[in-house]
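# A closer look at the structure
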Amino acid sequence: MRALVHSGGSAKGAYGSGIIQYLLGDLGINYDIMCGTSVGAINVAFLAMFSAGEEKQAADNLKDWWLKLDNSKIYRNWPFWGRIAAAWHKSFYDSSPLHKLIKKNVSLEKIRASHKKVAVGALNLHTGKYTIFDQDDDSFIDAVLASSAFPATLSPVKINNYLFIDGGMKTLSPIKMAIEMGATDIDVITTSPDIRDKKFIEDPNIIDIVRRAFDVATDKILSNDIELALMHNKLAEAGLGDKKLVKLNIIKPHYNLMDNIFDFNPEKIMEMFDKGYSDAKEKFGKE
């Protein structure tokens, strides 16, 4: 079974959309399983609404959604006091625009009708556990919102009386999740670069620091996710248990995609989309 695993990265999800345009739109790859964390949860939720045979339509739909975005459709300052209001709210920004956008464009009914297996991960703030939600959970759409709730910046989401935030705090690329769902061939989209530019803005504010710290920390989280998958293959090769070898195809940028992962400027989104498409064509066009 073939799976698509999509990592987080906030606005860098546009890069993932470019990759998806090539894999589904051009190559017509049908994925039986889709797993995502953070913005990857949003992208796979969109794709999962389309049945086998509708791959190009799914990719085009996601591209169209990304190219219509700007900051105002993702978050806004809290009324009256702006960022100061964060002192009595649970995040620096009010992410209700994103919540409305997702609920308007993603249908759990369509996801279930497509017969796709789709799962997303979010972090339970109360228990500290990484929790997986799939298409059979009635709270799946809320889980998508929770998985993309960047810590401290976007609003956490309440599910069954628990607060959940970005699943990327624990698992950036949910490869293990896909393996447990039966995948043997996995295409992994990650926005973490091969080489990270060390430069940082000269006079950062607290939000800049939080964003940068999380962005850099994802390198180690991603490394752990990949190491777990490689360990799975080593155990399979040794004939331990009922594990089967898994083919991993990892697509990632060579360098940083952007400095501010919350910059949903349409021109920047188009630039990252084109970069993702180009990188996917370079990798899969050689196969």
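See the structure printed just above.
Report on the accompanying structure.

Scoring rules and cut-offs
- Residues numbered from 1 in each chain as written.
- Predicted model: local features only at pLDDT ≥ 70, side-chain atom pairs only at ≥ 80, totals over all residues.
- Heavy atoms only, no water.
- Helix = DSSP H or I, 4+ residues; strand = E, 2+ residues; numbered from the N terminus.
- Buried < 20%, exposed > 50% of the residue type's maximum accessible area, 1.4 Å probe, protein only.
- Contact = heavy atoms within 4.5 Å.
- Axes fitted to C-alpha atoms, helices over the stretch in contact; angles between N-to-C directions.
- Left-handed = near helix turned anticlockwise from the far one by under 90°.
- Phe/Tyr/Trp six-rings, centres within 6.5 Å; stacked < 30°, edge-to-face > 60°.
- Salt bridge = Lys/Arg side-chain N within 4 Å of Asp/Glu carboxyl O.

Before going further, it helps to spend a moment on the overall build of the protein. Broken down by element type, the protein carries nine helices and eight strands. Each of the 287 residues in the protein was classed as buried or not, and the buried ones make up 54%. Considering only contacts in the protein between residues 6 or more positions apart, those separated by 24 or more positions represent 74%.

Right, let's get into the packing of helix H1 (residues 13–26) against helix H2 (residues 39–47). Viewed as axis vectors pointing N to C, H1 and H2 meet at an angle of 35°, and their least axial separation amounts to 10 Å. H2 is crossed by H1, and the crossing has right-handed handedness. Between H1, through Gly-13, Gly-16, Ser-17, Ile-20 and Leu-24, and H2, the contact on the second element is made entirely by Val-39, Asn-43 and Leu-47.

This part covers the packing of aromatic side chains. Any pair of aromatic rings gets described here by the distance separating the centres and the angle formed by the planes. Considering all chains together, one arrives at nine aromatic pairs under this definition. A ring pair is formed by Phe-46 and Trp-65, whose centres lie 4.9 Å apart and whose planes are at 45°; its orientation type is tilted. Of this pair, Phe-46 sits in helix H2 while Trp-65 sits in helix H3 (residues 55–67); the two residues are 19 residues apart in sequence, bridging distant segments of the chain. The exposure class assigned to Trp-65 is buried, which follows from its relative accessible area of 8%. On the basis of an interplanar angle of 85° and a centroid distance of 5.5 Å, the ring pair of Trp-65 and Trp-66 is categorised as edge-to-face. With respect to class, Trp-65 is no different from Trp-66; both count as buried. In this structure an aromatic cluster arises from ring pairing among Phe-46, Trp-65, Trp-66, Tyr-75, Tyr-93, Phe-150, Phe-262 and Phe-264.

It is worth spelling out the side chain of Ser-114 at this point. With respect to the helices and strands, the residue Ser-114 is situated in helix H5 (residues 108–114). Leave out the neighbours within four places in its chain, and Ser-114 touches Ala-48, Met-49, Phe-50 and Ser-51.

Taken as a whole and assessed by the stated rule, the structure comprises 10 salt bridges. A salt bridge links Lys-103 to Asp-142, with the shortest nitrogen-to-oxygen separation between them at 3.9 Å. Taken together, the positions of Lys-103 in helix H4 (residues 96–105) and Asp-142 in helix H6 (residues 140–147) put the pair 39 residues apart, joining distant regions of the chain. Judged by relative accessible area, which is 27%, Asp-142 ranks as partly exposed. A salt bridge links Asp-279 to Lys-275, with the shortest nitrogen-to-oxygen separation between them at 3.2 Å. Placement of the pair is Asp-279 and Lys-275 together in helix H9 (residues 266–284), with a separation of four residues, close to one helical turn. Owing to a relative accessible area of 5%, Asp-279 belongs among the buried residues under this scheme. Lys-275 sits in the partly exposed class, given a relative accessible area of 32%.

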